[in-house]
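Listed here are the chains, written in short residue letters.
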Amino acid sequence: MKIGLFIPCYVDALYPEVGVSTYRLLKSLGLDVEYPERQTCCGQPMGNAGFERMTVPLVKKFDELFAGYDYVVAPSASCAAYVRFFHPHLMKEQSCEAAGKTTDLVEFLHDVIKVKSLPAKFPHKVSVHNSCHGVRELGLSSPSERNVPQFNKIIDLLKLVEGIEVVEPERPDECCGFGGMFAVEEQAVSARMGLEKVRRHMATGAEFITGPDSSCLMHMQGVAQKQGLNIQFIHVAQILAAGL
């Protein structure tokens, strides 16, 4: 199995340690992992802002770089969802091979290679943030608005980590308020949603908030720092790779 590692913009520019942890984790599982150095943005920011036509060159480049891999793995639920569900729409006049092979890291570990054990250790209490794209597009956890059996693939993986205590906040799949351009265009609403979300996480007594999207974590971290709230943030990839 040959894996193409896709590192989204937020991770590349602001949280490179998340990309490093993802690479180390995949390699520790005996996988053949490559990082194509010519990769760029998947186009999600422009697409979500209404400039879909501007994303087409990026979509074509993504497909050119990643079509030859068995799977494309990204430490980002939102970017993986954009590639899978929107790239084929944007490439409707051409085939889009890479989109159907693209998965979020959690989805890949849980559903594709079905990881049952990890050597990681993280002796802390952690509250799980279920990002919107992860819940409602990738199915990383069950949405509260549907009458379906409850599940959470993020928690399933975190429970493989030695010493960890995993909790969830009240209203666990409610948006943190980031939403890309929403945080810019509706700043006051976005900030209030973020503050309410952070407070619910903190009410669990957790030391850390974790999740599959650096963008959501970044938004909540900014809100927490501005309010002087004592809570730490860490991507799920960093916990799963802790100690490697």
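Details of the structure are given in the entry above.
Fair warning: this is a prediction, and the values are worked out from it, not measured in the lab.

What counts, and where the lines are drawn
Residue numbering note: each chain is counted from 1, following its sequence as written. The predicted origin of the model limits local features to residues at a pLDDT of at least 70 and limits the giving and counting of side-chain atom pairs to 80 or more, whereas totals for whole chains, interfaces and linings rest on all residues. The side-chain numbers reported here are obtained from all heavy atoms of the structure, hydrogens and water having been left aside. Any two strands are treated as partners once DSSP identifies two or more bridges connecting them. The helix and strand labels rest on DSSP assignments: H or I over at least four residues marks a helix, E over at least two residues marks a strand, and numbering proceeds from the N terminus. To obtain each axis, a line is fitted to C-alpha atoms, and for helices this fit is confined to the stretch in contact; angles are then taken between N-to-C directions over 0 to 180 degrees. Contact between two residues is taken to exist if any of their heavy atoms lie within 4.5 Å; hydrogens are not considered. Two rings from Phe, Tyr or Trp (for Trp, the six-membered ring) form a pair when their centres are within 6.5 Å of each other. A pair whose planes differ by under 30 degrees is stacked, one over 60 is edge-to-face, and the rest are tilted. Each residue gets one of three labels from its accessible area relative to the maximum for its type: buried under 20%, exposed over 50%, partly exposed in between, using a 1.4 Å probe on protein chains only.

**Q** Help me out: how do you make sense of the sheet that holds strand 6 (residues 165-167) in this one?
**A** The strands that make up a sheet are held in pairs by hydrogen bonds between backbone atoms, and each pair lies either parallel or antiparallel. In space, the 4 strands of this open sheet follow the order 6-5-7-8, with parallel pairing throughout. Of all strands in the sheet, those bounded by a partner on one side alone are strand 6 and strand 8 (232-235). Looking at each pair of strands side by side, their axes are set apart by 35° on average, direction ignored. As paired elements, strand 7 (residues 208-211) and strand 8 share 4 bridges and run parallel to each other. Its bridge partner lying in strand 8, Gly 211 is registered against His 235. Each of strand 7 and strand 8 touches helix 11 (residues 214-227); the most contacted strand, strand 8, lies at about 170° to it.

**Q** Explanation requested: the sheet that holds strand 2 (residues 32-34) in the structure shown.
**A** Spatially, 2-1-3-4 is the arrangement adopted by the 4 strands of the open sheet, whose pairing is parallel. This sheet does not close on itself; its edge strands, each paired only once, are strand 2 and strand 4 (102-104). With direction set aside, neighbouring strand axes in the sheet form an average angle of 35°. Bridge analysis of strand 1 (residues 2-5) against strand 3 (residues 71-74) gives 3 bridges, and the strand direction is parallel. Of the residues in strand 3, the one forming a bridge with Leu 5 is Val 73. Packed on one face of the sheet, helix 6 (residues 105-112) meets strand 1, strand 3 and strand 4 and runs near 95° to strand 4.

**Q** What's the story with the packing of aromatic side chains in this structure? I'm lost.
**A** How two aromatic rings sit relative to each other is given by the distance of their centres and the angle of their planes. Scanning all chains against the criterion turns up 8 aromatic pairs. Ring plane angle 90° and centroid distance 5.1 Å describe the contact between Phe 6 and Phe 62, whose orientation is recorded as edge-to-face. Taken together, the residues span a long stretch of sequence, with Phe 6 in the loop between strand 1 and helix 1 (9-14) and Phe 62 in helix 4 (residues 52-66) at a distance of 56 residues. Since its relative accessible area comes to 3%, Phe 62 is described here as buried. When the centroid spacing of 5.9 Å and the interplanar angle of 80° are considered together, the rings of Tyr 10 and Phe 178 count as edge-to-face.

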